[in-house]
Amino acid sequence: MKVQTTRPFDHDYERLSEQAKRRVDKQLHLLLSNPGHPSLRLKRMQGTEDVWEVRVTGGYRLTLQIVGDTFLLRRVGGHDVLREP
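Residues numbered from 1 in each chain as written. Predicted model: local features only at pLDDT ≥ 70, side-chain atom pairs only at ≥ 80, totals over all residues. Heavy atoms only, no water.

Asks: In this structure, what is going on with a nonpolar patch on the surface? I would like to understand it.
Replies: Residues Met1, Val3, Leu32 and Ile66 make up a contiguous nonpolar surface patch of roughly 330 Å² in combined accessible area. With respect to the secondary-structure elements, Val3 resides in strand β1 (residues 2-5). Residue Val3 is classed as partly exposed on the basis of its relative accessible area of 35%. (Patch = residues over 30% accessible without salt bridge, like charges linked within 9 Å, V, L, I, M, F, W, Y side chains within 5 Å. Areas by Shrake-Rupley, 256 points an atom, 1.4 Å probe, with all protein chains shown as cover. Salt bridge = Lys/Arg side-chain N within 4 Å of Asp/Glu carboxyl O. Helix = DSSP H or I, 4+ residues; strand = E, 2+ residues; numbered from the N terminus. Buried < 20%, exposed > 50% of the residue type's maximum accessible area, 1.4 Å probe, protein only.)

Here's what the structure looks like:
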């Protein structure tokens, strides 16, 4: 699988603390090597058919879509960020 980011994801990522960025990077590496790893808690977002959620920390998530062989990263941050379009 490959990873591609969206502008909203890039914007969200830039606003994160360095510690949060390291955690996101770690979870992305894990996602690429083992998408079924329990710490990711990869699951479909409620009310959607093609948007998935990955746990970054207790309060942070990243959302993605799976497009062919690519994880398309949509947003990253707290629950308030993920509610935005």
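Asks: Looking at this structure, I do not really get the nonpolar core. What am I missing?
Replies: Nonpolar side chains tend to gather and get buried jointly when the protein is soluble and globular. The biggest cluster of nonpolar side chains holds 16 residues, and the ones touching the most others in it are Phe9, Val24, Leu31, Leu62, Leu64, Leu73 and Val76. Of all elements in the fold, only α1 (7-15), α2 (18-33), β4 (60-67) and β5 (70-78) reach the threshold of two or more residues within this core. (Core = buried A, V, L, I, M, F, W, Y, C linked by side-chain atoms within 4.5 Å.)

Asks: When you look at the packing of aromatic side chains in this model, what are you seeing that I'm missing?
Replies: For any pair of aromatic rings, the description rests on two quantities: the centre-to-centre distance and the angle between the ring planes. The full count for this structure, using the stated rule, is one aromatic pair. Between Phe9 and Tyr13, the ring centres sit 6.1 Å apart and the planes meet at 20°, which makes this aromatic pair stacked. Residue Phe9 and its partner Tyr13 are both found in helix α1; the two are separated by four residues, about one turn of the helix. For Tyr13, a relative accessible area of 18% puts it in the buried group. (Phe/Tyr/Trp six-rings, centres within 6.5 Å; stacked < 30°, edge-to-face > 60°.)

Asks: How should the sheet that holds β1 be read in this particular structure?
Replies: Backbone-to-backbone hydrogen bonds pair the strands of a sheet. The strands run either parallel or antiparallel. Overall, mixed pairing links the five strands, which are arranged β1-β5-β4-β3-β2 in an open sheet. Both edges of this open sheet fall to β1 and β2 (43-44), since each of them pairs with a single strand only. Note that β2 and strand β3 (residues 52-55) share two bridges and pair antiparallel. Bridge pairing in β3 links Lys43 to Glu53. Each of β1, β4 and β5 touches α1; the most contacted strand, β5, lies at about 40° to it. Contacts from α2 reach β1, β3, β4 and β5, with the element oriented near 150° to β5. (Pairing = 2+ DSSP bridges. Contact = heavy atoms within 4.5 Å. Axes fitted to C-alpha atoms, helices over the stretch in contact; angles between N-to-C directions.)

Asks: Honestly, the environment of Leu62 in this entry has me stumped. Any pointers?
Replies: Assignment of secondary structure puts Leu62 in strand β4. Taking the C-alpha atoms as reference, Leu62 lies 8.5 Å from Phe9; in sequence the two are 53 residues apart. Aside from chain neighbours lying at most four places away, what touches Leu62 is Phe9, Val24, Leu28, Trp52, Glu53, Val54, Val56, Leu73, Arg75 and Val76.

Everything listed here is a matter of geometry and, on its own, says nothing about what the molecule does.
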